[in-house]
Amino acid sequence: MIAASPIDVLLVEDDPGDELMTREAFEDNKIGNALHVVRDGEEALDFLYRRGPHIQAPRPDLILLDLNLPKYNGRQVLEKIKSDPDLSDIPVVVLTTSSAEEDIVRSYKAHANAYVTKPVDLDQFIGAVRQIDEFFVQVVRLPHRR
């Protein structure tokens, strides 16, 4: 496999346990991607638009987005990202506990690049995040950074 260059990943996740498992999956993968974490929809938009404490934030190469968030929910954040010409080319993977068909359909209609239901089992969760990471770093060609 081709050696991958590290990327900036934005994790939008309000559950500290899921954040910890995601960090562990990234660390286990040894790819060296930078994982930036925000804990609600408003903070996600501040990060993406480099506002407030996120004025120096890098432009993420990949966004892992939970749907169930405080302030702005993940659906609202996804719609905002995909309707903004400056952000719409950033791949967004919905990573959520919901397996409801309505959430899956709505996410894809809002142009999510993938929808992954979080496994309850720790090892399966870490494996799922690792596969997302490997796919978007080693398999998929991402747009050049601006």
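Figured I'd write up the structure that's included with this text. If you're wondering where the values come from, they're calculated on a predicted model, not measured in any experiment.

1. What to know about the overall build of the protein
When helices and strands are tallied, the protein shows five helices and five strands. Counting helices and strands in the order they occur from the N terminus, the protein gives β-α-β-α-β-α-β-α-β-α. In terms of C-alpha radius of gyration, the protein reaches 14 Å, essentially the compact-globule figure of 15 Å for 146 residues. Taken along the three principal axes of its C-alpha coordinates, the protein extends 35 × 35 × 25 Å. Considering the protein as a whole, with its 146 residues, one finds that 47% of them fall into the buried category. Once local pairs closer than 6 in sequence are excluded, the contacts in the protein between residues at least 24 apart make up 67%. Here the protein has roughly 7700 Å² of accessible surface; of this, 51% comes from carbon and sulfur atoms. Put simply, the protein has 17 plus and 26 minus side-chain charges, and the middle of one group is 6 Å from the middle of the other.

2. Focus on the pairing of strand β4 (residues 92-96)
Among the five residues that make up β4, five are buried, leaving the element largely enclosed by the rest of the structure. Burial along β4 is two-sided: Val 92, Val 94 and Thr 96 facing one way and Val 93 and Leu 95 facing the other are all buried. When strand β3 (residues 62-65) meets β4, the two strands line up parallel, connected through three bridges. The partner of Ile 63 across the bridge, within β4, is Val 92. As for the winding sense of the linkage, the β-α-β connection from β3 through helix α3 (residues 74-83) to β4 is right-handed. Looking at chain direction, β4 and strand β5 (residues 114-117) are connected through four bridges and run parallel. Bridge pairing in β5 links Leu 95 to Val 116.

3. What about the pattern of salt bridges?
Tallying each qualifying case throughout the model produces eleven salt bridges. Between Arg 39 and Glu 19 there is a salt bridge whose closest N-O contact spans 2.8 Å. Here Glu 19 lies in helix α1 (residues 16-29) and Arg 39 lies in the loop between β2 (34-38) and α2 (41-48), a separation of 20 residues in the sequence. We classify Arg 39 as partly exposed; its relative accessible area is 41%. The exposure class assigned to Glu 19 is buried, which follows from its relative accessible area of 9%. For Asp 46, the salt bridge goes to Arg 51, with nearest N and O atoms at 2.9 Å. When salt bridges with common partners are traced through the structure, they connect Glu 13, Asp 18, Asp 66 and Lys 118 into a single cluster.

The rules behind each value
Residues numbered from 1 in each chain as written. Predicted model: local features only at pLDDT ≥ 70, side-chain atom pairs only at ≥ 80, totals over all residues. Heavy atoms only, no water. Helix = DSSP H or I, 4+ residues; strand = E, 2+ residues; numbered from the N terminus. Rg over C-alpha atoms; globule rule 2.2 N^0.38 Å. Buried < 20%, exposed > 50% of the residue type's maximum accessible area, 1.4 Å probe, protein only. Contact = heavy atoms within 4.5 Å. Areas by Shrake-Rupley, 256 points an atom, 1.4 Å probe, with all protein chains shown as cover. Lys, Arg positive; Asp, Glu negative; His and termini not counted. Charge placed at Lys NZ, Arg CZ, Asp CG, Glu CD. Pairing = 2+ DSSP bridges. Right-handed = clockwise from strand over helix to strand, strands pointing away. Salt bridge = Lys/Arg side-chain N within 4 Å of Asp/Glu carboxyl O.

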